[in-house]
Protein chains: 2
Amino acid sequence: MKGSRIRIALDAMGTDNAPAEDVRGAVEALRERRERDFEIVLVGRESEIAAELAKHPGADRDRISIVDAPDVIAMGAEPAQAVRAQRESSLVRGVTLHAERQVDAFVSAGNTGAVMTASTLILGRLAGISRPTIASQFPSADGYTIVADVGANVDTKPRNLYEFAVMTSVYAEQIFGYVNPTVGLLNVGEEEGKGEARAVEAYELLKASRLNFKGNVEGRDVLKGTVRVVICDGFTGNIILKFAESVPGFLKAKLRAAAGRSLGTKLLAAVSRSFLSSVFKEMDYQEYGGVPLLGVNGVSIIGHGGSTARAVRNMIFKAEEMVRHDVNGKIAAALAAGS
Amino acid sequence: MKGSRIRIALDAMGTDNAPAEDVRGAVEALRERRERDFEIVLVGRESEIAAELAKHPGADRDRISIVDAPDVIAMGAEPAQAVRAQRESSLVRGVTLHAERQVDAFVSAGNTGAVMTASTLILGRLAGISRPTIASQFPSADGYTIVADVGANVDTKPRNLYEFAVMTSVYAEQIFGYVNPTVGLLNVGEEEGKGEARAVEAYELLKASRLNFKGNVEGRDVLKGTVRVVICDGFTGNIILKFAESVPGFLKAKLRAAAGRSLGTKLLAAVSRSFLSSVFKEMDYQEYGGVPLLGVNGVSIIGHGGSTARAVRNMIFKAEEMVRHDVNGKIAAALAAGS
């Protein structure tokens, strides 16, 4: 079934406004990247998807197909249980299409835990990878800092941290264009030997590797952009990601409160808020779309449930880039070279 | 030697501009809180301190004394080794004065690790406390969120997290006025059973305690102010503290870059920067002064090396409040009540 054209399965029941936003995102992705040779397989309730598609008469129907999946995994469902029980769900069907190599990538804004679980179980892991990781981008002084793991794992081992570093370095180079990216290990101090036992052991593994390892970095180095890739356990990474995501809203609320009642200060506060929004655009998932689950034997892109069509479109672009750049092939090569 | 008047030992060689900033901070503290009955013992090189004092003819000399200590522990010195070897240093002398109960508190902007080590070794720990903790304040929607541990410990055990929660709750109540403060455990999800093995075990200890425990909180809840006290391991806490401290500088640099060359946008960017500064004032150590090392058998206040006289003054105020509110006595009572 697979040709040279890249085929991407989209879980059309993923967003909070499914399938409307998901379908619109697919239509927009195809419209905006006419030059790229990819097509989209919409997976979900066929009649609902068809009804949504009918609202977009200009849609490039030659590059859109539908695979029916009658069931939907709920946002709050327990991931492992849902993936086992709901074989007819859009999420499990979509991942299975990918495992059967009928498509080259899978994209979903649905239940994050379920996407991770289904991808890991059904696609399997890349050879040499013991645990997949989620890499997310933070804004930095001159671009992005890519941080992993931001929540795919708890109780991380030193060997996992090394694997995260290999995968995230390849991702940063292929998708962000950072050649031979610098890598730092997130720690409580810069000196070798600092931090938890896990960090001390991981330091040695990274130092002995062929990665462009610069040693330990601290919490302040993420936004500073001291290195391009920051590696940490999934517990710490998840907490700084959510902390960082809360900064714009916190500041905007404070600015609103500080603005008071005068028209002048209100205007200034409004201007400040818009400045803040532009700075934090890099961290806005509506802009960057989704994050890849690195380390599975395939391309799986995870998005927020609150994704708009714009975010869905950007998730599809990310999937297409991951396939086109053969990120997984390059991870395998890096591991084989004893990175 | 000790009367009813509170006596505070200040490491006069602590700041990067010692003893000038340290001495000026002491002079200002006494001037601004005339109504409070406390005195300051300046510990350090007597001749240098006397020379600085001479520059403040209005200083309240009746409430200032000097204890000579010829040696200074360097900022970059290895803490344990320095504390062992440099017995004649201002830092070790000051802590020793406190251990001998010649003073009621010790304050230093010097080598943080050395202050922690000296305080723990020389003062000893409070009964029932296995590890001291550093609690730091973050701004929140309606006041402060007090987070501990922010870096006193690595390889934290669940029992340590429980002790941090007891100490930080007392601190939040006595110093910040949050009666029976709400407590959250920093985790990667809100549901019980989430996160690392350490967090899962700590959850049970906190749930069984008499603390006002509200369950797990996430990275976003710190600034949101979901709870007053957030408990985490020292590794994670140190990383979010340093991340948060880097936010204002990062945003100001971005605003400067976004401002461009036009006078109008430059002005707006300048206004935005000043808004940001006011919002982050709560996290500025020049304002809050220093953080207590909770759990040692005494009052030990730790400050940044870059402290100005204003920060030193605020550290002295913090020490005086810790003594006056008998925070340690209340921690002992809370532990005895099986908090």
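In this report, the structure presented in the accompanying data block is examined. (Residues numbered from 1 in each chain as written. Chains lettered and ligands numbered in written order. Predicted model: local features only at pLDDT ≥ 70, side-chain atom pairs only at ≥ 80, totals over all residues. Heavy atoms only, no water.)

**As for empty space enclosed by the protein**
Here is step 1 of the chain: Tallying each qualifying case throughout the model produces four cavities of 30 Å³ or more.
Here is step 2 of the chain: Space inside the largest cavity adds up to approximately 70 Å³.
Here is step 3 of the chain: What lines the largest cavity is simply F235 of chain A together with L161, L185, L186, E196, R198, A199, C232 and D233 of chain B.
Here is step 4 of the chain: Those elements giving two or more residues to the lining of the largest cavity turn out to be β7 (182-186) and α7 (197-207) of chain B. (1 Å grid on protein atoms, 1.4 Å probe; cavity = no way out; pocket = protein on both sides within 12 Å on 5 of 7 lines; lining within 4 Å. Points joined across faces, edges and corners; volume = space filled by probe spheres on them. Helix = DSSP H or I, 4+ residues; strand = E, 2+ residues; numbered from the N terminus.)

**A few points about the environment of Y144 of chain A**
Here is step 1 of the chain: Relative to the helices and strands, Y144 of chain A resides in strand β6 (residues 143-148).
Here is step 2 of the chain: Sequence separation of Y144 of chain A and R228 of chain A is 84 residues, and the distance between their C-alpha atoms is 6.9 Å.

**As for the pattern of salt bridges**
Oppositely charged side chains can pair when the atoms bearing their charge come close.
Residues and elements named next belong to chain B.
Here is step 1 of the chain: Going through the model one piece at a time under the given rule, you end up with 34 salt bridges over all chains.
Here is step 2 of the chain: For E39, the salt bridge is made with R5, and the minimal N-O distance between the two is 3.2 Å. Remark: R5 occurs in the segment before β1 (6-11) and E39 occurs in strand β2 (residues 38-44); sequence separation between them is 34 residues.
Here is step 3 of the chain: Take R5: its relative accessible area is 27%, and that puts it in the partly exposed class.
Here is step 4 of the chain: Residue E163 pairs with R159 through a salt bridge whose shortest N-O separation is 2.9 Å. (Salt bridge = Lys/Arg side-chain N within 4 Å of Asp/Glu carboxyl O. Buried < 20%, exposed > 50% of the residue type's maximum accessible area, 1.4 Å probe, protein only.)

**As for the sheet that holds strand β10 (residues 290-294) of chain B**
Residues and elements named next belong to chain B.
Here is step 1 of the chain: With mixed pairing, eleven strands are arranged side by side in an open sheet as β3-β2-β1-β4-β11-β10-β5-β6-β9-β7-β8. Sheet topology places β3 (64-68) and β8 (212-217) at the edges, where each strand pairs with a single neighbour. Mean inter-strand twist for the sheet, computed between neighbouring axes without regard to direction, equals 30°.
Here is step 2 of the chain: Here three bridges tie β7 to strand β9 (residues 229-231), and the two strands are oriented parallel to one another. Looking at the pairing, L185 lines up with I231 of β9.
Here is step 3 of the chain: Against the sheet, helix α1 (residues 20-32) engages β1, β2 and β3, with an angle of about 175° to β2. (Pairing = 2+ DSSP bridges. Axes fitted to C-alpha atoms, helices over the stretch in contact; angles between N-to-C directions. Contact = heavy atoms within 4.5 Å.)

**Quick look at the sheet that holds strand β11 (residues 300-303) of chain A**
All names here are of chain A.
Here is step 1 of the chain: The eleven strands are arranged β3-β2-β1-β4-β11-β10-β5-β6-β9-β7-β8 in an open sheet whose pairing can be described as mixed. Of all the strands in the sheet, the pair left with one neighbour each is β3 (64-68) and β8 (212-217). Taking each pair of neighbouring strands and ignoring which way they run, the sheet shows an average axis angle of 30°.
Here is step 2 of the chain: Looking at chain direction, strand β1 (residues 6-11) and strand β4 (residues 105-108) are connected through three bridges and run parallel. Looking across to β4, one finds that I8 is bridged to A105.
Here is step 3 of the chain: Here helix α1 (residues 20-32) sits on the sheet in contact with β1, β2 (38-44) and β3, set at roughly 175° to β2.
Here is step 4 of the chain: Docked against the sheet, helix α2 (residues 46-53) engages β2 and β3, running at close to 155° with respect to β3.

**Remarks on the layout of surface pockets**
Here is step 1 of the chain: The space that makes up the largest pocket amounts to roughly 1,500 Å³.
Here is step 2 of the chain: Every residue lining the largest pocket is counted, 48 residues in all, and those nearest its centre are T112, G113, M116 and G151 of chain A together with K194 of chain B.
Here is step 3 of the chain: Taken together, the elements giving at least two residues each to the lining of the largest pocket come down to α3 (79-85), α5 (112-123), β5 (133-140), α9 (234-259), α11 (285-288), β10 (290-294) and β11 of chain A.
Here is step 4 of the chain: A per-element tally of the lining of the largest pocket places α5 of chain A first, with six residues.
Here is step 5 of the chain: For the lining of the largest pocket, the class distribution of residues is 18 nonpolar, 20 polar and ten charged.
Here is step 6 of the chain: For the second largest pocket, the calculated volume is near 1,300 Å³.
Here is step 7 of the chain: Broken down by secondary-structure element, the contributors of at least two residues to the lining of the second largest pocket are α5 (112-123), β5 (133-140), α9 (234-259), β10 and β11 (300-303) of chain B.
Here is step 8 of the chain: The leading source of residues in the lining of the second largest pocket is α5 of chain B, at six residues.
Here is step 9 of the chain: Residue classes in the lining of the second largest pocket are distributed as 16 nonpolar, 16 polar and nine charged. (Nonpolar A, V, L, I, M, F, W, Y, C, P; charged D, E, K, R; others polar.)

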